[in-house]
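Close look at the chain arrangement
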Amino acid sequence: MDLLLKLAGPDMRAVDALIREHMDSPVPVIPALADHLIAGSAKRLRPLLTIAAARLCGARDDNCLKLAAAVEFIHTATLLHDDVIDSSELRRGRVAAHLIWGAPSSVLVGDFLFARAFELMVAAGSMPALEILARASRVIAEGEVLQLTRAHDLDLDQATYLEIIRAKTAELFAAAAEAGAVSAGASPGRRRALRQYGQDLGLAFQLVDDALDYSGDSQTLGKNPGDDFREGKATLPLLLTMARAGAGERDFWVRTIDRRDQTEADFTRARELMRQTGALKSTLELAAGYAASAKAALADFGGNPWRSALEDLADVAVMRTA
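One structure accompanies this document, and this report is about it. (Residues numbered from 1 in each chain as written. Predicted model: local features only at pLDDT ≥ 70, side-chain atom pairs only at ≥ 80, totals over all residues. Heavy atoms only, no water.)

1. Considering the packing of helix 1 (residues 2-22) against helix 16 (residues 305-319)
Running from N to C, helix 1 and helix 16 cross one another at 135°; their axes reach a closest spacing of 8 Å. Taken together, the axis directions place helix 1 and helix 16 in an arrangement best described as oblique. Crossing of helix 1 against helix 16: the hand is left-handed. Packed against helix 1, whose contacting residues are Leu 3, Leu 4, Leu 7 and Ala 8, the element helix 16 presents Pro 305, Trp 306, Ser 308, Ala 309, Asp 312 and Leu 313 at the interface. Classifying every residue of the contact of helix 1 with helix 16 by side-chain character gives eight nonpolar, one polar and one charged. (Axes fitted to C-alpha atoms, helices over the stretch in contact; angles between N-to-C directions. Helix = DSSP H or I, 4+ residues; strand = E, 2+ residues; numbered from the N terminus. Parallel < 35°, antiparallel > 145°, perpendicular 65-115°, else oblique. Left-handed = near helix turned anticlockwise from the far one by under 90°. Contact = heavy atoms within 4.5 Å. Nonpolar A, V, L, I, M, F, W, Y, C, P; charged D, E, K, R; others polar.)

Below, the structure is given as structure tokens:
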């Protein structure tokens, strides 16, 4: 990501300043809790997408900065809500906010950040960008509810699972890129191309996350490996393993995922089954396919450092270990 971080450096410093300014509040717990999570984000991928898309489309002004900060606030708000729903213990290598300040405060600060995001969108003065990010907020919520209603569902099919992650993860990547293009006055064709890039990048990113939950470690992940397993989430590696391991293993998955009756040895067994069946490899191969599709969406942008940086980002999404 070196090229992207170098190109976007001045813009991202301005975005960070906007984030700091707009997470301030006379209620002390709000900036303290928000900073606990926001300060742990080293990459800020989604705001980077907004900046990169705008500059790729020829933007020379700062219209994209407020939108990039809004995107980060939307993302952070969803993380705060997710950690409460999932009872997560770690986030970005830190103790989850709800374990320090409590679930009610985490939810309400998430709501505060959503409100700040919409204030920034209005201040940006772009009705199309406001529409894009407002729609994304709605789609993300729908994806989270769909995932909640299908939690522990061992009959979940791959198409429905991809629908869930397209909504809850890929939509904000897509909206971040499209909003950047809109802020630059890009043509409809370029808007669609960058939206496609963001969506495919987001799908690749989430699929790698799914695989890393079973193959990574807490030091590199910044969260506990096996969280999906312990929470009974039916992610793609698990669904593929069940389909390939045969009926003889179904009782194991019913007990551990459906009933969530688990021992520490069960996670080790689950990881071994995933390796034996090739489920982790297949998940990563699907992620690589989406990354290739993301790069293909940039084909009409010609030779440009920003295009090269976004292509590198797609490669990083599937090569990362955290």
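On we go from here.
2. Focus on the nonpolar core
Judged by nonpolar contacts, the single largest core of 106 residues is most densely connected at Ile 51, Leu 194, Tyr 197, Leu 238, Trp 253 and Leu 310. Sort the elements by how many residues they give to this core and helix 8 (residues 158-183) lands first, with 13 residues. With sequence-adjacent residues up to four places away left out, Tyr 197 is seen in contact with Leu 49, Ala 294, Lys 295, Ala 297, Leu 298, Leu 310, Leu 313 and Ala 314. (Core = buried A, V, L, I, M, F, W, Y, C linked by side-chain atoms within 4.5 Å. Buried < 20%, exposed > 50% of the residue type's maximum accessible area, 1.4 Å probe, protein only.)

3. Here's the deal with the side chain of Arg 44
By the element assignment, Arg 44 lies in the loop between helix 2 (29-38) and helix 3 (45-56). At 2.7 Å, the side chain of Arg 44 and the side chain of Asp 16 are in polar contact. Within the structure, Arg 44 has its side chain in polar contact with the side chain of Glu 72 (distance 3.3 Å). Leave out the neighbours within four places in its chain, and Arg 44 touches Met 12, Asp 16, Ile 19, Ile 38 and Glu 72. (Polar contact = N/O pair within 3.5 Å; in protein donor to acceptor, adjacent residues only side chain to side chain.)

4. Here we look at a nonpolar patch on the surface
There is a patch of nonpolar side chains on the surface, built from Val 95, Leu 99 and Ile 100 and spanning about 260 Å² of accessible area. Within the secondary structure, Leu 99 sits in helix 5 (residues 97-101). (Patch = residues over 30% accessible without salt bridge, like charges linked within 9 Å, V, L, I, M, F, W, Y side chains within 5 Å. Areas by Shrake-Rupley, 256 points an atom, 1.4 Å probe, with all protein chains shown as cover. Salt bridge = Lys/Arg side-chain N within 4 Å of Asp/Glu carboxyl O.)

5. Observations concerning the environment of Ala 211
Summarising the element assignment, Ala 211 is placed in helix 9 (residues 188-215). On the accessibility criterion, Ala 211 (2% relative accessible area) is buried. In sequence terms Ala 211 and Arg 55 are 156 residues apart; their C-alpha atoms lie 32 Å from each other. Excluding its chain neighbours within four sequence positions, the residues that come into contact with Ala 211 are Pro 237, Leu 280, Thr 283 and Leu 284.

6. Points about the side chain of Asp 11
Inspection of the secondary structure assignment puts Asp 11 in helix 1. A distance of 3.0 Å separates the side chain of Asp 11 from the side chain of Arg 55, its partner in a polar contact. Among residues more than four places away in sequence, those in contact with Asp 11 are Ile 51, Arg 55 and Leu 65.

7. Here we look at helix 12 (residues 236-245)
Judged by how many residues are buried, helix 12 sits mostly within the fold: seven of 10 residues are covered. Along helix 12, the residues that are buried comprise Leu 236, Pro 237, Leu 238, Leu 239, Leu 240, Thr 241 and Met 242. Next to the buried residues of helix 12 lie helix 8, helix 9, helix 13 (250-258), helix 14 (264-277) and helix 15 (279-296). With its phi angle positive at about 95°, Gly 246 sits one or two positions after the end of helix 12.

8. Some thoughts on the packing of aromatic side chains
Under the counting rule described, the total for this entry stands at five aromatic pairs. Ring plane angle 35° and centroid distance 5.9 Å describe the contact between Tyr 214 and Phe 267, whose orientation is recorded as tilted. Taken together, the residues span a long stretch of sequence, with Tyr 214 in helix 9 and Phe 267 in helix 14 at a distance of 53 residues. Pair check on accessibility: Tyr 214 and Phe 267 agree, each one buried. For the ring pair Phe 229 and Phe 267, a centre distance of 5.8 Å and an interplane angle of 40° mean the geometry is tilted. Within this pair, whereas Phe 229 is found in helix 11 (residues 227-230), its partner Phe 267 is found in helix 14, the two being separated by 38 residues in sequence. As far as the burial class goes, Phe 229 and Phe 267 line up, both buried. Taken together, the aromatic side chains of Tyr 214, Phe 229 and Phe 267 make up a single cluster linked through ring pairs. Its end group placed over the ring of Phe 252, Arg 269 keeps NZ or CZ at 4.3 Å from the ring centre. Across the ring face of Phe 205, the terminal group of Arg 320 is positioned such that the distance to the ring centre comes to 3.7 Å. (Phe/Tyr/Trp six-rings, centres within 6.5 Å; stacked < 30°, edge-to-face > 60°. Lys NZ or Arg CZ within 6 Å of the ring centre and 35° of its normal.)

9. As for unusual backbone geometry
Backbone geometry at His 152 places phi at a positive 65°, although glycine is not the residue there. Residue position: His 152 is located in the loop between helix 7 (127-149) and helix 8. One non-glycine residue, Arg 260, lies in positive phi territory at about 55°. Considering the arrangement of structural elements, one finds Arg 260 in the loop between helix 13 and helix 14.

10. Description of the packing of helix 12 against helix 15
Helix-helix packing is characterised by the crossing angle of the two axes and by the distance between the axes. At a closest axis distance of 8 Å, the pairing of helix 12 and helix 15 adopts a crossing angle of 130°. Put simply, helix 12 runs oblique to helix 15. By crossing handedness, the relation of helix 12 to helix 15 is classed as right-handed. Contacts between helix 12 and helix 15 involve Leu 236, Pro 237, Leu 240, Thr 241 and Arg 244 from the former and Ala 279, Leu 280, Ser 282, Thr 283 and Leu 286 from the latter. Each residue belonging to the contact of helix 12 with helix 15 can be placed in one class, and the counts come to six nonpolar, three polar and one charged.

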